[in-house]
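Structural characterization, general
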Amino acid sequence: MRPYSVQQAYSMTDERPSISILIAEDEKATGDLLANSLARADRQIKIVYNGLEAITALQSQPHDLLITDLMMPGADGMEVMKKAKELHPEIMIIIMTGYASLDTAIEAIHRGAYDYIRKPFRLDELEVSVQNACERILLLKENQALLKRIEELDSLRQTERPAQLSQPIFLYPSDIPPSAYYAQPQTGNDSLTHLERLSNLYEKGLISLDEFNLMKQKLFAQI
Amino acid sequence: MNLTNEECQYLFDNLPAQLTAMLLKGLVHNLNGPLQVVSMQTELIDKIKSINQQQIDNLQANITRLEKQIQCMANHADTNNTQAQPIILNDLIEQELTFWNADLFFKHKVTKTINMFQKQVFTIAQEATARGIIGSCIALSIENLRHKTPCNFEITCSITDNPAAYSITFNQNGSPFTEEQKMDSAQQAFETVYPTSLLKKYLSVKTGKTGWTLCMDPQKLSIIIPA
């Protein structure tokens, strides 16, 4: 079984996982243009025009990425960001502001913002930031799915008969063709590639050292 | 530090300019909004190499917003014109509201109700002083609203017949205008943004010099302008 990059994994199916983006911008024209320019087939975009609407939207459903203005009526960007992190700790946040200062930039990053963009910005500049955030979100989603499957695999190993281990084992999200996941007897080369991939996830900070070690042990146990 | 009378007078006369300087960050913020729209719209047009009427309208609307903002700033910069001249009061109030939206607390947190004069009325006055008076009334209202939730602000313009005059009232639901701040100057510097006692003195002196009348009630400031 070959490991897949995020793009490779999700390109195996027509139905790519969708990234949910919430845009909070009190300038209606700016918000509409942002939504228009960031629209892609795999992105679901919702726009709100003040801070309170943003908080309500975050309470009603989880979002993967929040792009928020800093100065807005209702609740300002910092309040929205704080609430977003409380409700969905893994949400990625990009702050945009025309009221830029080093202090606010530092505060935003300290509070967990992924990026901070100063107005007026070029659309290309924002797109790079959004694209990087989306890439990271997909990696996180994949990582979560991997961890979940490892846990399931672990419990399966402990509870089921050895004969059942030849059943398909899904290591990736359900939208990837099952044929890709049939657990094959691992060869040394496969394990090496898996190990490289795990190291890559660890180096990018997407898994902790403990998680890395746990998965590594499980990998070796399968050889 | 003790200031000479001359220095005090200089600071007093230049109070509107000092307030303008304090609003600089907000003014930049308010310029950035329409500029961002123009920038993004042109970038999108450049990408698709075509333009439709909606995009043209969007560009024009935001260029008009930029022009208004710049005009407001230019008006405040023009302090050398000491000639009395006709001033359309509705325009003056609208420009001052646009300008004071650079105070982002006022822009985003205060609910505003504006009742302009039903018809265009004008008065003869020195523009910078008239602007300073209206602006100071707004600044005082903002300062008294600063620690209040919800914040309501209302301007009501009316014409009275006897005596013939134009009245502009500024209502707010925060701290009373008539209440003196019980703070020393150091404390005031930290807890208020605009110098309220200085603004009151400025209003009192400048309305007197212009021939206008200032009335101060707990929640209401009124400016009476002879017609």
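Sequence order as written defines residue numbering, which begins from 1 separately in each chain. Both sets of labels track the order of writing: A upward for chains, 1 upward for ligands. In keeping with the predicted nature of the model, local features appear solely for residues at pLDDT of at least 70, side-chain atom pairs appear and are counted solely at 80 or more, and the whole-chain, interface and lining totals rest on all residues.

In this section: the overall build of chain B. Within chain B one finds nine helices and seven strands. In terms of overall dimensions, chain B has a C-alpha envelope of 60 × 45 × 40 Å along the principal axes. Residue burial is a threshold on neighbouring C-beta atoms within 10 Å of the residue's own C-beta, all placed from the backbone, with 20 or more meaning buried, 12 or fewer meaning exposed, and counts in between meaning partly exposed. In chain B, buried positions account for 30% of the 227 residues. By the convention adopted here, residues are in contact when the distance between their C-beta atoms, placed from the backbone, does not exceed 7 Å. Across chain B, every contact between residues at least 6 apart in sequence was considered, and the portion connecting residues at least 24 apart equals 79%. Helix numbering and strand numbering both begin at the N terminus, where a helix is a DSSP run of H or I of at least 4 residues and a strand a DSSP run of E of at least 2.

Bringing the overall build of chain A into the picture now. Within chain A, the regular secondary structure consists of eight helices and five strands. Sequence-ordered secondary structure for chain A, helices as α and strands as β, is α-β-α-β-α-β-α-β-α-β-α-α-α. Here chain A holds 223 residues, and 30% of them are scored as buried.

This part covers the interface of chain A and chain B. The interface is formed by 14 residues belonging to chain A together with 17 residues belonging to chain B. Sort the elements by how many residues they give to the side of chain A that touches chain B and helix H2 (residues 28–38) of chain A lands first, with four residues. Polarity classes work like this: nonpolar for Ala, Val, Leu, Ile, Met, Phe, Trp, Tyr, Cys and Pro, charged for Asp, Glu, Lys and Arg, and polar for all others, with Gly in that last group. Among the residues making up the side of chain A that touches chain B, the classes are represented as eight nonpolar, three polar and three charged.

What follows deals with the nonpolar core. Linking buried Ala, Val, Leu, Ile, Met, Phe, Trp, Tyr and Cys residues through C-beta atoms within 7 Å yields a set, and such a set is a nonpolar core. With 42 residues, the main nonpolar core has Leu65, Ile93 and Ile94 of chain A as its most contacted residues. For this core, the element with the most residues is helix H6 (residues 123–159) of chain A, which contributes six residues. If we skip the residues at most four places from it in the chain, Ile94 of chain A touches Ile67, Ala113, Tyr114, Asp115, Ile117, Ser129, Val130 and Ala133 of chain A. Counting residues in each nonpolar core, the second largest holds 35 residues, with Leu27, Val110, Ala139 and Leu221 of chain B among its members.

What follows is about the sheet that holds strand E2 (residues 43–48) of chain A. Across a sheet, paired strands are connected by hydrogen bonds in the backbone, their directions being either parallel or antiparallel. All names here are of chain A. A pair of strands is labelled paired if DSSP reports no fewer than 2 bridges between them. The parallel open sheet is built from five strands, whose spatial order is E2-E1-E3-E4-E5. Each having just a single partner strand, E2 and strand E5 (115–118) make up the two edges of the open sheet. Pairs of neighbouring strands in the sheet enclose a mean axial angle of 15°, with direction left out of account. In terms of strand pairing, strand E4 (residues 92–97) meets E5 through four bridges, oriented parallel. In the sheet register, Met96 faces E5, and the bridge partner there is Ile117. Where H2 meets the sheet, it contacts strand E1 (19–24), E2 and strand E3 (65–69), and its direction lies at approximately 180° from that of E2. To define axes, lines are fitted to C-alpha atoms, for helices over the stretch in contact only, and angles between the resulting N-to-C directions are given on a 0 to 180 degree scale.

Residues and elements named next belong to chain B. Pairing within the open sheet is mixed, and its five strands lie in the order E2-E4-E5-E7-E6. Only two strands of the sheet have a single neighbouring strand rather than two, namely strand E2 (110–115) and strand E6 (213–216). Ignoring which end each strand starts from, the neighbouring axes of this sheet average 15° apart. Sheet topology note: the E6/strand E7 (residues 220–226) ladder contains four bridges and is antiparallel. Within E7, the position partnered with Met216 by the bridge is Leu221. The sheet strands contacting helix H7 (residues 127–145) are E2, strand E4 (151–160), strand E5 (165–172) and E7, and the helix crosses E5 at an angle near 20°.

Secondary-structure assignment places Tyr49 of chain A in the loop between E2 and helix H3 (51–60). Residues contacting Tyr49 of chain A, with those up to four places away along its chain left out, are Glu25, Asp26, Lys28 and Gly31 of chain A.

Residues and elements named next belong to chain B. Relative to E5, E4 runs antiparallel, the two sharing eight bridges. Counted as the bridge partner of Thr160 is Ala165 from E5. Two successive antiparallel strands, E4 and E5, enclose a turn made up of four residues.

What follows is about the confidence of the model for chain B. Residues and elements named next belong to chain B. Confidence of the predictor in every single residue is expressed as pLDDT, which spans 0 to 100. Residues of chain B with pLDDT of at least 70 account for 94%, and the chain-wide mean is 88. Put simply, helix H8 (residues 185–191) is where chain B has its lowest mean pLDDT, 55, and E2 is where it has its highest, 96. Complex prediction metrics read pTM 0.73 and ipTM 0.75.

What follows covers H6 of chain A. Here H6 of chain A is 37 residues long and its end C-alpha atoms lie 53 Å apart, about the 54 Å a rise of 1.5 Å per residue gives. Among all positions of H6 of chain A, only Leu123, Ser129, Val130, Ala133, Cys134, Ile137, Leu138, Glu142 and Leu146 of chain A are buried. Helix span is expected to be 1.5 Å times the residue number reduced by one.

On to the packing of H7 of chain B against helix H9 (residues 196–210) of chain B. Residues and elements named next belong to chain B. At their nearest, the axes of H7 and H9 sit 10 Å apart, and the two run at 150° to each other. Taken together, the axes of H7 and H9 are roughly antiparallel relative to one another. As H7 runs across H9, the sense of the crossing is left-handed. In contact with Thr129, Ala130, Gly132, Ile133, Ser136, Cys137, Ala139, Leu140 and Glu143 of H7, H9 contributes Thr196, Leu199, Tyr202, Leu203, Lys206, Thr207 and Thr210. Looking at side-chain class alone, the contact of H7 with H9 contains eight nonpolar, six polar and two charged residues. Convention used here: angles under 35 degrees read as roughly parallel, angles over 145 as roughly antiparallel, angles from 65 to 115 as roughly perpendicular, and any remaining angle as oblique. Handedness of a helix crossing follows the sense of rotation of the near helix relative to the far helix, less than a right angle counterclockwise being left-handed and clockwise being right-handed.

Here H3 of chain A has its buried residues at Gly51, Glu53, Ala54, Ile55 and Leu58 of chain A. Check the buried side of H3 of chain A and you find it contacts E1, E2, E3 and helix H4 (77–87) of chain A.

In this section: the environment of Cys72 of chain B. Residue and element names in this part refer to chain B. Inspection of the secondary structure puts Cys72 in helix H4 (residues 53–77). Taking the C-alpha atoms as reference points, Cys72 and Leu27, 45 residues apart in sequence, are found 9.8 Å from one another. The contact partners of Cys72, leaving out residues within four places of it in the chain, are Gln95, Thr98 and Phe99.

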